Amino acid sequence: APAAAPAASNVPAGHQVKAPMVGTFYRAASPDAEAFASEGKKVKKGETLCIIEAMKLMNEIEAEYDGVVEEILVENATPVEYGQPLFVIRPL
Amino acid sequence: MIHKVLIANRGEIAVRIIRACKELGIETVAVYSEADRDAMHTRLADHAICIGPAQSDQSYRSIPALMSAAEVGDVDAIHPGYGFLAENPDFAEIVIESGYTWIGPSPESMRIMGDKVAAKNKMRSAGVPLVPGSDGAIKDIEEAKRIARAAGFPVIVKAAAGGGGRGMKVVHSEPALSGAVMMAQSEAATAFGDDTVYIEKFLEEPRHIEVQVLGDKHGNVVHLFERECSMQRKHQKVLEEAPSPFLDPETRERICMAGVAAAKAVDYVGAGTIEFLMNPDKSFYFIEMNTRIQVEHPVTEMITGIDLIEWQIRVAQGEPLEFTQQDLKMKGHAIECRINAEHPFKFTPSPGKVELFHAPGGRNVRVDSAVYTGYSIPPYYDSMIAKVITHARTRERCIRTMQRAIDELAVMGVTTNRELHQRLLANPGFQSGNFNIHFLERWLKQMQL
């Protein structure tokens, strides 16, 4: 059966940031707010990259290393599975 | 009306539930851990969502992960299967409070039956026979003597905080009683931090006989007869059958109606099983109720023609039962053999890749399994890989059909307990129908000599 959301294609595994939980992916804190991480942005370890909403709770997903956001793999407000690649972030 | 169900489980029971949903025209959402990426249930469901890593606590037993998947999957209802969170009343409550239909009994009835003391009290007031003994903790030796005399020796002294066979002492006569109580108390204090003990009559050669019940949301409760589950090793069932070869019609009526009384006492909704221990003299006692569908439900389905999973779903959406007790009849005899990925006599688990899986077929054979050729059995979950079920007009013929089916079954690449079943089915003690819960372990022990 098809998965609930599409899988990422041809991304180097080491630079992938994967969803640590199943839920709905949001790029910003609210519909009008600016996205946490856009392409080309430099991020620091601990900085919020996105939100995954699960059971009405907003969970902030943080960067595990300093890097540059190269690709955003998921559309805003779409469901994501556990382990699904969300970003490609090249380490600095 | 339920249109979409999330199956909060894996393996053969997830496949079973998905099949029932398909036949009812209900959409299915499977959940899986990373270890189950290639599992059959993810392939058969309409949608599949990865919810966590291999560890059950972070996947199949994770309430946040399951509820999030329910949200993402936009389902109407959740079926918990058996094991995992199936008998967790907190999970049932969260499912209901979140606006989904829980395919199971009320959290209240789950709580009562999940608490040994509360369950016994309910059963006592419903007139369901209980093992004679103390109602609660033993206060002193005089009380212990009174209770033991009333129940009749031998008795067993049990730790209230114990379980799994620990902290239990069997006492055959009164002179040994006070010493046994003191030893049990001190062992309980050491092992469980609580020296509370109680006394029950010790049943020496009991049979495990359980009654299948089904209740709807309109107060109707029926029984679907009994199952004989005495073939156990370390409290794990190996082979089950329906009906029990031990019961006469009068005893069957008594025990099945006791099951109905037990279910009615907690306003039970859905499929449930009441477990009893029965003595050679046909007296029986309630031990516990399982507020979920059971592994061995197929043998009941074979002899009654009722699809229990279908009725769990239909009852959950408010439908009344379509049949009365009078409509339900037993036909023939059914046996189920649990095929486990383990050494047949050493019981060491054998996970790994199934190079070939060939299921038996033909008349009167049913196989419930989630295994296929090329599938890798993960080491994180239980070892049962298939259930082979046969149904025939007589018990004798049913055994022969099962023997033929087990011979046909081929599982290459992992070790299974196929040979255990072959020997057990050929055993005269099993074939005679004269056995109790000690039979299998005694027979296995004898084989090791």
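Residues numbered from 1 in each chain as written. Chains lettered and ligands numbered in written order. Predicted model: local features only at pLDDT ≥ 70, side-chain atom pairs only at ≥ 80, totals over all residues. Heavy atoms only, no water.

J.: Sorry if this is basic, but what is going on with the overall build of chain A here?
T.: Of the regular secondary structure elements, chain A holds zero helices and eight strands. Along the chain direction, N to C, the helices and strands of chain A fall in the order β-β-β-β-β-β-β-β. Across the 92 residues that make up chain A, the buried fraction comes to 39%. Restricting to contacts in chain A with at least 6 residues of sequence separation, those with at least 24 account for 61%. For chain A, the exposed surface amounts to about 5,100 Å²; the carbon and sulfur share of it is 50%. (Helix = DSSP H or I, 4+ residues; strand = E, 2+ residues; numbered from the N terminus. Buried < 20%, exposed > 50% of the residue type's maximum accessible area, 1.4 Å probe, protein only. Contact = heavy atoms within 4.5 Å. Areas by Shrake-Rupley, 256 points an atom, 1.4 Å probe, with all protein chains shown as cover.)

J.: Sorry if this is basic, but what is going on with the packing of helix H5 (residues 107–114) of chain B against helix H6 (residues 116–125) of chain B here?
T.: When two helices pack together, their arrangement is captured by the angle between the axes and the distance separating the axes. All names here are of chain B. Where H5 meets H6, the axes come as close as 5 Å, and the angle between the chain directions of the two elements is 100°. By the angle class used here, H5 and H6 are roughly perpendicular. Taken together, the residues of H6 that come into contact with H5 (itself represented by Ile112, Met113 and Gly114) are Lys116, Ala118, Ala119, Lys122 and Met123. Its residues assigned to classes, the contact of H5 with H6 shows five nonpolar, one polar and two charged. (Axes fitted to C-alpha atoms, helices over the stretch in contact; angles between N-to-C directions. Parallel < 35°, antiparallel > 145°, perpendicular 65-115°, else oblique. Nonpolar A, V, L, I, M, F, W, Y, C, P; charged D, E, K, R; others polar.)

J.: Could you clarify how one ought to interpret the packing of aromatic side chains in this entry?
T.: Two descriptors summarise a pair of aromatic rings, namely the distance from one centre to the other and the angle between the planes of the rings. All names here are of chain B. The tally for this structure, following the rule as stated, stands at 10 aromatic pairs over all chains. Both rings, one in Tyr60 and one in Phe84, keep their centres 5.2 Å apart while their planes meet at 25°; by these two values the pair is stacked. With a gap of 24 residues between them, Tyr60 in the loop between strand E3 (47–52) and helix H3 (63–73) and Phe84 in the loop between strand E4 (77–79) and helix H4 (89–97) connect regions that are remote in the sequence. Taking relative accessible area as the criterion, Tyr60 reaches 0% and is therefore assigned buried. For Phe84, a relative accessible area of 23% puts it in the partly exposed group. Residues Tyr60 and Tyr381 carry aromatic rings whose centres are separated by 5.6 Å and whose planes lie at 85° to one another, so their mutual orientation is edge-to-face. (Phe/Tyr/Trp six-rings, centres within 6.5 Å; stacked < 30°, edge-to-face > 60°.)

J.: What exactly am I supposed to notice about the sheet that holds strand E2 (residues 23–26) of chain A here?
T.: Note: strands within a sheet are paired through backbone hydrogen bonds, in either parallel or antiparallel orientation. Residue and element names in this part refer to chain A. Within the open sheet, the four strands sit side by side as E5-E4-E2-E7. Their pairing is antiparallel. The sheet terminates laterally at strand E5 (57–62) and strand E7 (78–80), the two strands that pair on one side only. Sheet twist, expressed as the mean angle between neighbouring strand axes with direction ignored, is 40°. (Pairing = 2+ DSSP bridges.)

J.: Sorry if this is basic, but what is going on with the confidence of the model for chain A here?
T.: Reading fine detail from the predicted coordinates is not recommended where pLDDT is low. Mean pLDDT over chain A: 88, with 85% of residues reaching 70 or higher. In the predicted structure, residues 2–8 of chain A sits below a pLDDT of 50 and forms 13 contacts with residues beyond four places in sequence or in another chain. (pLDDT = per-residue confidence, 0-100.)

J.: Which parts of the structure should I look at to understand the pattern of salt bridges?
T.: Here the idea is simple: oppositely charged side chains can pair when their charged atoms come close. Residues and elements named next belong to chain B. Summed over the entire model, instances satisfying the criterion amount to 37 salt bridges over all chains. For Arg314, the salt bridge is made with Glu322, and the minimal N-O distance between the two is 2.9 Å. Here Arg314 falls in the buried class, since its relative accessible area comes to 14%. (Salt bridge = Lys/Arg side-chain N within 4 Å of Asp/Glu carboxyl O.)

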